[in-house]
Amino acid sequence: MTKPTMLTYINQEPEILSTILATYPEQIDPVIKNAPATKHWLILATGSSINAAYSAKLYLQKMTGAFIDIEEPYNYLNYEKINPDIDLVIGISQSGQSTATISALKKVIKQNHPFSICVTSRPDTELPMVADTTLDILTGSEKVGYVTLGYNATVLSLMLLGLRYATKLDLINSDMEQSELMAFKSIVQNISPTIEKSIEFFQRFATDFQLAPQFTAIGCGAVLGTLKEMQTKFTEVIRIPSNGFELETFMHGPYLGVHENHRQFFIETNSNSAIVKKQLSLKQYESRSTTHIFTISLTGKKPIIDDGQTLELMNIDDELKSPLLAVIPFQIFAWYIAKVKGINLPHLIFNDFSDIVHNKTEAQQYV
Ligand SMILES: N[C@@H]1[C@@H](O)[C@H](O)[C@@H](COP(=O)(O)O)O[C@@H]1O
């Protein structure tokens, strides 16, 4: 049997995310069956899983009306004071074996006794044993450590958890629930065309990307998690300086690092006009220093600056759902850029890492 690659898993996203939708609400109902009404949520996760949490956060917040904090578990465990108002905690670990997430979740449960949910692809591991209930993201164990499928399955699973929870608590009615589901369906149906368009876009700019010494992605709102995932994925596989910055954050320091070979990606979503204007002014300013500016658009509008370097994706009216498609180009680019740069991803490196630093309860069997 041939070994799966990152691309194998990216190509499974249309099918698995459709399955997640098709099993709604049966998959989620048992998870929230005993959940009380809550107001202060805490999400603990690291790596791609915390990026997924940021991607779902604004949608979750809108649906549930809860205040949602997201924390890196190791820092939280060792330094932070636990807010006594936290009444629901979610620990996310796709492998179920990130040690800091397990320990931080235990600590919050011990102190506050909140309702606790584990989100994972492996319900048979350590993290689910700590929580009241487990939401399985239905991907099975992802054998490639540079996760792609698991990231997006986590984003959708979290969003649907929020949708069902809001329905259960009568915060939204069933018509609204159905219309949200229809919107998710049309986005998920668009994953395959988005993969194709992203590959075509990569092919057009393959040499430009291959020669890149540095990548930066910029955007705001719900795509904050996408920007962080771009940073994680590009660093993991392309292994050159790669950062994702919130729009305003970029304007307070990082802009000074621009140079003529800097590759910049701007993510455009259906934000309000003031944000659109501000982002455009930054893009125009940056284009004075580098010609390597690319835009990923989810607005359905023709680019204001028609520079031929815009990847026009589906129009997503509700910008809070944009992360589900916005990440696809970065996953595709990460895989193909690593390839053209001659990085042999199936050749595993730092194989003794987990054994020595104990970031996971056991070494992962990646391929
Ligand atoms: N290389 C992987 C990352 O891709 C992953 O995001 C992180 C967190 O993993 P988990 O979601 O299993 O807690 O673990 C590893 O470091």
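Residues numbered from 1 in each chain as written. Predicted model: local features only at pLDDT ≥ 70, side-chain atom pairs only at ≥ 80, totals over all residues. Heavy atoms only, no water.

- Per an unreviewed UniProt entry, the recorded name for the protein is SIS domain-containing protein, and the organism is Companilactobacillus huachuanensis.

## So, the pattern of salt bridges
- For the coordinates displayed, the defined rule picks out 10 salt bridges.
- Between Arg 164 and Asp 29 there is a salt bridge, with its nearest N and O atoms 2.7 Å apart. Placement of Arg 164 in helix 7 (residues 149-168) and of Asp 29 in helix 2 (residues 29-32) is noted, with a sequence separation of 135 residues between them.
- When salt bridges that share partners are traced, they join Asp 29, Arg 164 and Glu 177 into one network. (Salt bridge = Lys/Arg side-chain N within 4 Å of Asp/Glu carboxyl O. Helix = DSSP H or I, 4+ residues; strand = E, 2+ residues; numbered from the N terminus.)

## A word on helix 14 (residues 323-340)
- Compared with an ideal rise of 1.5 Å per residue, which puts 18 residues at 26 Å, helix 14 spans 26 Å between its outermost C-alpha atoms and is within 8% of the ideal.
- Across the 18 residues that make up helix 14, a large majority, 16, are buried.
- Immediately beyond the C-terminal end of helix 14, within one or two residues, lies Gly 342, with a positive phi of roughly 80°. (Expected span 1.5 Å × (residues − 1). Buried < 20%, exposed > 50% of the residue type's maximum accessible area, 1.4 Å probe, protein only.)

## Thoughts on the UniProt feature "domain: SIS" (unreviewed entry) in the protein
- In the UniProt entry, the feature "domain: SIS" (unreviewed entry) is given for residues 28-171.
- Across residues 28-171, the secondary structure splits into 47% helix and 17% strand, with the terminal C-alpha atoms separated by 17 Å. (UniProt positions renumbered as here; feature names shortened; annotations may be inferred.)

## Considering the packing of aromatic side chains
- Scanning all chains against the criterion turns up 21 aromatic pairs.
- Taking 5.7 Å as the distance between ring centres and 35° as the angle between the ring planes, the aromatic pair formed by Phe 265 and Phe 294 counts as tilted. Note that Phe 265 is positioned in strand 8 (residues 263-268) and Phe 294 in strand 9 (residues 293-297), a separation of 29 residues in sequence.
- Following the ring pairs from residue to residue traces out a cluster consisting of Phe 201, Phe 202, Phe 205, Phe 209, Phe 215, Phe 234, Phe 265, Phe 294, Phe 330, Phe 333 and Tyr 336.
- Directly above the aromatic system of Phe 184 lies the positively charged group of Lys 321, at a separation of 5.4 Å from the ring centroid. (Phe/Tyr/Trp six-rings, centres within 6.5 Å; stacked < 30°, edge-to-face > 60°. Lys NZ or Arg CZ within 6 Å of the ring centre and 35° of its normal.)

## What about the packing of helix 9 (residues 191-204) against helix 14?
- Running from amino to carboxyl end, helix 9 crosses helix 14 at an angle of 40°, the nearest separation of the two axes being 9 Å. For the element pair helix 9 / helix 14, the angle class is oblique. For helix 9 against helix 14, the interelement crossing comes out right-handed. The residues of helix 14 that touch helix 9, namely those facing Ile 191, Thr 194, Ile 195, Ser 198, Ile 199, Phe 201 and Phe 202, are Leu 325, Ile 328, Pro 329, Ile 332, Phe 333, Tyr 336, Ile 337 and Val 340.
- Class assignment of the residues belonging to the contact of helix 9 with helix 14 gives a composition of 13 nonpolar, 2 polar and no charged. (Axes fitted to C-alpha atoms, helices over the stretch in contact; angles between N-to-C directions. Parallel < 35°, antiparallel > 145°, perpendicular 65-115°, else oblique. Left-handed = near helix turned anticlockwise from the far one by under 90°. Contact = heavy atoms within 4.5 Å. Nonpolar A, V, L, I, M, F, W, Y, C, P; charged D, E, K, R; others polar.)

## Considering the pairing of strand 2 (residues 67-71)
- Alternating positions in strand 2 separate cleanly, Ile 68 and Ile 70 being buried on one face and Phe 67, Asp 69 and Glu 71 remaining unburied on the opposite face.
- Examined bridge by bridge, strand 1 (residues 40-44) and strand 2 share 5 bridges and lie parallel to one another. Residue Trp 41 lies in a different strand from strand 2, and its bridge partner there is Ile 68.
- In terms of handedness, the path from strand 1 via helix 3 (residues 48-64) over to strand 2 forms a crossover that is right-handed. (Pairing = 2+ DSSP bridges. Right-handed = clockwise from strand over helix to strand, strands pointing away.)

## Observations concerning the nonpolar core
- Leu 160, Phe 209, Phe 215, Phe 234, Phe 265 and Phe 333 are the most contacted members of the largest nonpolar core, which totals 97 residues.
- Here this core spans two domains, since at least three of its residues come from each of domain 1 (6-189) and domain 2 (191-340).
- When sequence neighbours within four positions are dropped, the list of residues in contact with Phe 215 reads Phe 209, Met 230, Phe 234, Ile 238, Ile 240, Pro 241, Ser 242, Asn 243, Arg 263, Phe 265 and Ile 337.
- Counting residues in each nonpolar core, the second largest holds 15 residues, with Ile 86, Leu 105, Cys 118 and Leu 127 among its members. (Core = buried A, V, L, I, M, F, W, Y, C linked by side-chain atoms within 4.5 Å. Domains from an automatic or database assignment.)

## A closer look at the confidence of the model for the protein
- Averaged over every residue, the pLDDT of the protein is 96; the share at 70 or more is 100%.
- Across the interface, the model reports ipTM at 0.94; the global pTM reads 0.97. (pLDDT = per-residue confidence, 0-100.)

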